[in-house]
Amino acid sequence: MREKERMLSGKLYNPYKVNDGIWEKNREVLEQFNSFSYKDYKKGLALLIDLFGHLEEDAVITPPFYCDKGPQIFIGKHFYANTGLVILDEAKVTIGDNVFLAPRVNIYTATHPLDASVRNTELEYALPVTIGNDVWIGGNTVINPGVTIGSNVVIGSGSVVTKDIPDGVIAVGNPCRVLRKITDEDRVYWEKQLAEYQSDPDVR
């Protein structure tokens, strides 16, 4: 197998020998994206749409932004990422619809052998990350390689997600653990808040 094939299949590979030209293209795109004025955001977004595996035109990604590759990132509709998002996308990163990321969220797929003698050869491997629909991830959260986060999930700020998180829960901590389920009572409460907002005559 070639180095890139090994990388995408979760096997040990040498990151300095992938040689597919994507890293170099990525550097140029990110340099442009992160230097654009906010008035030229659509121009910057067009660069990311061309770079990513998939990104919708309604996405908002606030600079600075960093990723290693680009083509392994697939993002659904109505995506918002506050400033400082980092994605190490040596493996596939799949993000669903209606996902909100607070500042300085870090998503890692790249990882290294536990044995120092093997690690010191500079070989590494990568595991995919998946985030479902309707997810809010708090600031300074780290999502580690191989993790799947379900749909309708809230991850508290400062969490370190090392294991899968199921659907419909609030999870927080280092390591990140389920705190409680998101309930009908939560839905009723927030629907009342929405109704109050919508009935405010000063809201336009």
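I will try to describe carefully the structure that is included in this document. (Residues numbered from 1 in each chain as written. Predicted model: local features only at pLDDT ≥ 70, side-chain atom pairs only at ≥ 80, totals over all residues. Heavy atoms only, no water.)

A few points about the packing of helix H2 (residues 22-35) against helix H3 (residues 41-51)
Line of reasoning, step 1. Where H2 contacts H3, the axes come no closer than 9 Å and their chain directions differ by 165°. The orientation of H2 relative to H3 falls into the category roughly antiparallel. Considering the relative orientation of H2 and H3, their crossing is left-handed. Between H2, through Lys-25, Asn-26, Val-29, Leu-30, Gln-32 and Phe-33, and H3, the contact on the second element is made entirely by Tyr-41, Gly-44, Leu-45, Leu-47, Leu-48, Asp-50 and Leu-51.
Line of reasoning, step 2. Taken together, the residues of the contact of H2 with H3 sort by class into eight nonpolar, three polar and two charged. (Axes fitted to C-alpha atoms, helices over the stretch in contact; angles between N-to-C directions. Helix = DSSP H or I, 4+ residues; strand = E, 2+ residues; numbered from the N terminus. Parallel < 35°, antiparallel > 145°, perpendicular 65-115°, else oblique. Left-handed = near helix turned anticlockwise from the far one by under 90°. Contact = heavy atoms within 4.5 Å. Nonpolar A, V, L, I, M, F, W, Y, C, P; charged D, E, K, R; others polar.)

What about the nonpolar core?
Line of reasoning, step 1. Core analysis: the biggest nonpolar cluster contains 39 residues, and Phe-52, Ile-61, Phe-65, Phe-79, Ile-107, Ile-131 and Ile-149 have the highest contact counts within it.
Line of reasoning, step 2. The element that contributes the greatest number of residues to this core is H3, accounting for four residues.
Line of reasoning, step 3. Residues in contact with Phe-65, not counting those within four places in the same chain, are Leu-30, Phe-33, Asn-34, Leu-48, Phe-52, Leu-85 and Ile-87. (Core = buried A, V, L, I, M, F, W, Y, C linked by side-chain atoms within 4.5 Å. Buried < 20%, exposed > 50% of the residue type's maximum accessible area, 1.4 Å probe, protein only.)

Regarding the packing of aromatic side chains
Line of reasoning, step 1. Using the criterion set out here, one finds four aromatic pairs in the structure.
Line of reasoning, step 2. An angle of 90° between the planes, with centres 4.9 Å apart, marks the rings of Tyr-189 and Trp-190 as edge-to-face.
Line of reasoning, step 3. Given the relative accessible area of 56%, Trp-190 is considered exposed.
Line of reasoning, step 4. Connected via pairs of aromatic rings, a cluster forms that spans Phe-33, Tyr-41, Phe-52 and Phe-65.
Line of reasoning, step 5. It is Arg-27 that lies over the ring of Trp-23; its NZ or CZ is 4.2 Å from the centre.
Line of reasoning, step 6. The aromatic ring of Phe-74 is capped on one face by Lys-92, whose charged end is 4.8 Å from the ring centroid. (Phe/Tyr/Trp six-rings, centres within 6.5 Å; stacked < 30°, edge-to-face > 60°. Lys NZ or Arg CZ within 6 Å of the ring centre and 35° of its normal.)

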